[in-house]
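# Residue-level structure breakdown
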Amino acid sequence: MSTSNPTIKVLMVDAASGFYKVNRFQVGDFFGPIDLGIHLSHKHNSLNIGVGLLAGSIFPGSNRLIVNGISPCWHGFYISSMGGAGLVFDNLGINMFSIVGKAAAPSILYLNRIHGEEIEVELLPVRPRTIWAEGRGGVYSMMQYALNQFGSRYENEPRILATGPASMYTDFGAIASAPIRKNEITYVDTWAGRGGFGTKMVQQHNIVAIIYGGTYIDEDFRDRTVVDSWFEDRYQKRLAAKDMEATTKYRFDPKFETGGTFGVNYATMKGDIMAFNYRTIYMTEEERLKIHNDFIVNHYLKQFNEETIKTKQQRTCGEPCGAVCKKMHGEFKKDYEPYQTMGPLCGIFDQRAAEKLNHHADMLGFDAISVGGVLSWLMDCLADGLVTPQELGVDNVPVFSPNGFRVVEDSMHNANIGVALLDQMVNPNGVFHLREGARKFARHLARRKGTSVLDKFIYIGFARSGWMVPNQYWTPGVLSPMAIMGKYYMYYGKDFVPPRQLGRENAKRMLNELVMDNLGMCRFHRAWAEDILPDVIEQLYGLKEKFQRSILLTASRINSRNASIFWESERNIDFVYSFLRKKKEVDGVSNPELDRWIKYFEEDKRSAALDFWYEIHKGIHESLLEFH
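A brief look at the structure comes next. (Residues numbered from 1 in each chain as written. Predicted model: local features only at pLDDT ≥ 70, side-chain atom pairs only at ≥ 80, totals over all residues. Heavy atoms only, no water.)

## Quick word on the overall build of the protein
From N to C terminus, the protein includes 24 helices and 20 strands. For 628 residues, the compact-globule formula gives about 25 Å, and the C-alpha radius of gyration of the protein, at 23 Å, lands near that figure. The C-alpha extent of the protein, read off along each of the three principal axes, is 65 × 55 × 50 Å. Contacts in the protein between residues at least 24 apart in sequence constitute 68% of all its contacts with a sequence separation of at least 6. (Helix = DSSP H or I, 4+ residues; strand = E, 2+ residues; numbered from the N terminus. Rg over C-alpha atoms; globule rule 2.2 N^0.38 Å. Contact = heavy atoms within 4.5 Å.)

The following block contains the structure:
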């Protein structure tokens with residue numbers, strides 16, 4: 001795999017002219033899709049899609065497809081990724097492609113390499129709204145259309161990146177894909193959801209889908225004997241055994257008799273449950289435990305375990321991997337965060353109702369986590385009468401309290417309202433629109449109806465209009481002022497960490513995650529990958545020290561454009577304050593620093609929140625200086 005002069009090959013595609021060329025960058029100057037992506041993004045405002053240096057190698061999880069650029073919803077450089085889609089990408093014989101310019105009409109981009117040096121590049125103009133209205137609808141119909149048009153040209157099965165109506169009408173449209181088996185698109189859809197790169201693809205480049213594949217076979221690192229010797233030296237286990245141990249949670253954890261992010265997170269959540277647009281942060285621990293026991297353990301999680309875990313309905317993302325993390329129920333894939341934001345957060349605790357809402361959002365091509373956060377906020381406003389159903393184009397008000405909640409009927413009632421809200425978001429003539437994002441929409445509503453509307457919306461603000469719904473864990477880290485949020489570039493443990501130290505921990509987490517992302521590795525394998533990958537770069541390229549320096553430089557470059565905004569919503573502040581109180585009053589944490597912050601919040605909540613936020617900010621900045 002190592003050569004005397006290794007390069008990263010990037011196919012530059014101008015969607016406006018159809019012109020394309022391959023540029024080569026020296027390994028050592030750049031190491032992967034992130035550090036090179038920053039360079040290209042700020043030079044060309046390009047959409048960058050690629051794989052790491054280890055794609056196609058023996059390492060499980062090494063075929064993640066990385067997408068980056070200036071995000072249309074975050075308004076800064078952002079990184080998204082998708083499982084398994086890098087395996088087919090490797091057949092193109094390039095490391096990355098970068099799209100600049102805007103096609104004259106909405107088009108499908110075709111990339112294929114057949115037994116030669118040249119990659120075939122073609123743009124096919126299409127009518128996306130017509131395609132989205134056919135068959136399974138939305139992203140699924142777009143994938144099928146691309147396969148019908150181009151599938152016969154490939155000797156091996158290709159992969160398709162598709163967008164839906166959300167990418168045309170909002171700022172947080174996602175990119176969807178699914179493995180293709182025997183010329184059939186499987187139900188195991190994978191997503192580059194966070195950051196709105198579907199929107200970037202459609203609105204800035206007029207590309208509605210990309211189909212790619214080829215026959216190129218390069219010298220990927222496949223020597224199992226060598227890798228096993230590295231792992232036995234470090235872990236006293238071979239690679240396969242260490243990876244099986246590291247991915248227990250995502251496969252099946254016998255301690256909890258469940259598996260996957262959905263199963264293990266809900267089994268262990270207890271009083272950390274977040275439901276009804278975070279109203280649970282104001283409840284007593286007993287009330288939260290009752291919701292968890294009655295609605296989650298005895299229904300929502302029970303359904304999942306019986307329908308998915310016991311029947312072993314699990315798949316991979318498209319690459320050989322022991323994690324089999326894709327937990328299925330028929331055509332529905334169950335991941336924790338989408339089934340949390342469009343589940344309990346929206347007052348939905350039944351699998352049928354959650355499937356209906358999640359599938360509709362997926363079909364329309366939304367970032368599932370963000371759209372669930374927006375839906376739960378709008379439902380909360382409807383339930384409290386701050387906004388009328390007519391103002392949002394729906395017919396009903398959600399059931400938004402656990403008291404007397406009928407878990408099946410009321411979950412479906414809320415899901416139906418959610419579906420109606422989603423349809424309004426992608427209706428060009430809808431009564432409200434999110435073309436400029438939910439944060440700007442919330443500001444407009446607040447100016448007309450008062451700040452109480454805005455104060456119910458939990459989001460992270462960036463620059464003037466950038467926004468992101470946080471990851472679904474009740475801990476201050478998910479609201480940190482990091483330069484990239486909504487991913488795991490922050491510390492999300494459940495323990496109390498003083499804010500200055502929290503900032504430092506966020507920075508450490510970011511550095512480790514960048515190791516993974518820049519090498520195109522799935523974070524589900526991080527228990528060994530973060531530790532050993534720098535040494536792998538040394539073994540293959542002799543560049544460990546330079547690689548590690550590049551990670552700090554990359555983090556510093558990202559952080560130098562950190563335009564994080566102090567929490568604009570009161571519920572953000574309450575989210576942190578209630579967490580601190582829970583640590584002391586429920587978990588019994590004895591810590592003078594914790595006591596001091598609780599006292600400060602009690603005396604002056606907003607001033608305490610501002611200082612808490614800035615302390616995190618200080619810890620981040622002092623940790624991510626290139627020279628210190």
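## A few points about the sheet that holds strand S16 (residues 326-329)
Sheet architecture is open: 3 strands sit in the order S15-S16-S17, paired in antiparallel fashion. Only two strands of the sheet have a single neighbouring strand rather than two, namely strand S15 (314-315) and strand S17 (332-333). Sheet analysis places S15 next to S16, joined by 2 bridges and oriented antiparallel. In the strand pairing of S16, Gln 314 is matched with Lys 327. (Pairing = 2+ DSSP bridges.)

## Considerations on the environment of Tyr 614
Tracing the backbone through its elements, the reader meets Tyr 614 in helix H24 (residues 605-623). Residue Tyr 614 is classed as partly exposed on the basis of its relative accessible area, which comes to 42%. Spatially, the C-alpha atoms of Tyr 614 and Phe 566 are 8.4 Å apart, while their sequence positions differ by 48 residues. (Buried < 20%, exposed > 50% of the residue type's maximum accessible area, 1.4 Å probe, protein only.)

## A closer look at the packing of helix H19 (residues 499-518) against helix H20 (residues 526-541)
Following both chains from N to C, one finds H19 and H20 inclined at 80°, their axes separated by 9 Å at the closest point. Considering their axes alone, H19 and H20 lie roughly perpendicular with respect to each other. For the pair formed by H19 and H20, the contact residues are Arg 509, Asn 512, Glu 513, Val 515 and Met 516 on the first element and Arg 526, Ala 529, Glu 530, Leu 533 and Pro 534 on the second. Here the contact of H19 with H20 is built from residues that sort into 5 nonpolar, 1 polar and 4 charged. (Axes fitted to C-alpha atoms, helices over the stretch in contact; angles between N-to-C directions. Parallel < 35°, antiparallel > 145°, perpendicular 65-115°, else oblique. Nonpolar A, V, L, I, M, F, W, Y, C, P; charged D, E, K, R; others polar.)

## Digging into the side chain of Asn 95
In this structure, Asn 95 sits in the loop between helix H2 (86-89) and strand S6 (96-100). Residues within four places of Asn 95 in sequence aside, it is in contact with Thr 7, Ile 8, Lys 9, Gly 50, Val 51, Leu 53 and Phe 89.

## Examining the pattern of salt bridges
Within the structure shown, the criterion is met by 47 salt bridges. A salt bridge links Lys 582 to Asp 272, with the shortest nitrogen-to-oxygen separation between them at 3.2 Å. Of this pair, Lys 582 sits in helix H22 (residues 570-585) while Asp 272 sits in the loop between helix H10 (260-269) and helix H11 (285-309), placing them 310 residues apart in sequence. Like Lys 582, the residue Asp 272 is buried in the burial classification. Two residues, Glu 285 and Arg 288, come together in a salt bridge whose shortest N-O distance is 2.9 Å. With Glu 285 and Arg 288 both in helix H11, this residue pair falls 3 residues apart, about one helical turn. Each member of the salt-bridge network shares a partner with another, and the members are Asp 272, Glu 285, Arg 288, Lys 494, Lys 582, Lys 583 and Asp 587. (Salt bridge = Lys/Arg side-chain N within 4 Å of Asp/Glu carboxyl O.)

## Observations concerning the pairing of strand S5 (residues 77-82)
Most of S5 sits out of view: 6 of its 6 residues are buried. Where burial is concerned, the two faces of S5 agree: the one with Phe 77, Ile 79 and Ser 81 and the one with Tyr 78, Ser 80 and Met 82 are both buried. Relative to S5, strand S4 (residues 65-70) is paired through 6 bridges, and the arrangement is antiparallel. Within S5, the position partnered with Val 67 by the bridge is Ser 80. Taken together, S4 and the strand that follows it, S5, pair antiparallel across an intervening segment of 6 residues, in which His 75 is found at a positive phi of about 70°.

## Topic: the environment of Arg 500
With respect to the secondary-structure elements, Arg 500 resides in helix H19. Put simply, Arg 500 and Thr 316 are 184 residues apart on the chain and 39 Å apart in space, counted from C-alpha to C-alpha. Residues within four places of Arg 500 in sequence aside, it is in contact with Glu 615, Ile 616, Lys 618, Gly 619 and Glu 622. A distance of 3.0 Å separates polar atoms of two side chains, one belonging to Arg 500 and the other to Glu 622. (Polar contact = N/O pair within 3.5 Å; in protein donor to acceptor, adjacent residues only side chain to side chain.)

## As for the packing of aromatic side chains
The full count for this structure, using the stated rule, is 46 aromatic pairs. A centroid spacing of 5.9 Å and a plane angle of 80° characterise the contact between Tyr 278 and Phe 575, whose relative ring orientation is edge-to-face. Taken together, the positions of Tyr 278 in the loop between H10 and H11 and Phe 575 in helix H22 put the pair 297 residues apart, joining distant regions of the chain. Each residue in the set Phe 262, Tyr 266, Tyr 300, Phe 304, Tyr 336, Tyr 339, Tyr 473, Tyr 488 and Tyr 492 is aromatic and connected to the rest through ring pairs, giving one cluster. Here the guanidinium or amino end of Lys 242 rests over the ring plane of Tyr 235, the centre of that ring lying 4.7 Å away. Over the ring of Tyr 577 we find Arg 581; its NZ or CZ atom is 5.8 Å from the centre of that ring. (Phe/Tyr/Trp six-rings, centres within 6.5 Å; stacked < 30°, edge-to-face > 60°. Lys NZ or Arg CZ within 6 Å of the ring centre and 35° of its normal.)

## Regarding the packing of helix H13 (residues 351-364) against helix H16 (residues 409-425)
Two numbers describe how H13 lies on H16: the axes approach to 8 Å, and their chain directions differ by 10°. It follows from the interaxial angle that H13 and H16 lie roughly parallel. Residues Arg 352, Ala 353, Lys 356, Leu 357, His 360, Ala 361 and Leu 364 of H13 lie in contact with H16, whose contacting residues are Ser 411, Met 412, Ala 415, Asn 416, Gly 418, Val 419, Leu 422 and Asp 423. A per-class count over the contact of H13 with H16 returns 8 nonpolar, 4 polar and 3 charged.

## Regarding the pairing of S6
For S6, the buried fraction is high: 5 of the 5 residues fall into the buried class. Residues Met 96, Ser 98 and Val 100 of S6 are buried on one face, and the alternating residues Phe 97 and Ile 99, pointing to the opposite face, are buried as well. Two elements, strand S1 (residues 7-14) and S6, share 5 bridges in a ladder whose sense is parallel. Bridge pairing links Asp 14 to Val 100 in S6. As defined by bridge partners, strand S3 (residues 47-50) adjoins S6 across 4 bridges and the pair is classed as antiparallel. From the neighbouring strand, Asn 48 faces S6, where its bridge partner is Ser 98.

## Focus on the sheet that holds strand S20 (residues 564-565)
Read across the sheet, 3 strands follow the order S19-S18-S20 without closing on themselves; strand pairing throughout is antiparallel. Since the sheet does not close on itself, it has two edges, and those belong to strand S19 (466-468) and S20, each with one partner. Bridge count for strand S18 (residues 460-462) against S20 is 2 bridges, and the pairing is antiparallel. Its bridge partner being in S20, Gly 461 is matched across the sheet by Ile 565.

## Concerning the side chain of Gln 351
Locating Gln 351 in the fold gives a position in helix H13. For Gln 351, the residues in contact, after removing those within four places along its chain, are Phe 262, Tyr 300, Gln 303, Phe 304, Glu 307, Lys 334 and Tyr 339.

## Notes on H19
The end-to-end C-alpha distance of H19 is 28 Å, a good match for the 28 Å that 20 residues give at a rise of 1.5 Å each. A positive backbone phi angle near 65° is found at Gly 520, which sits one or two residues after H19. (Expected span 1.5 Å × (residues − 1).)

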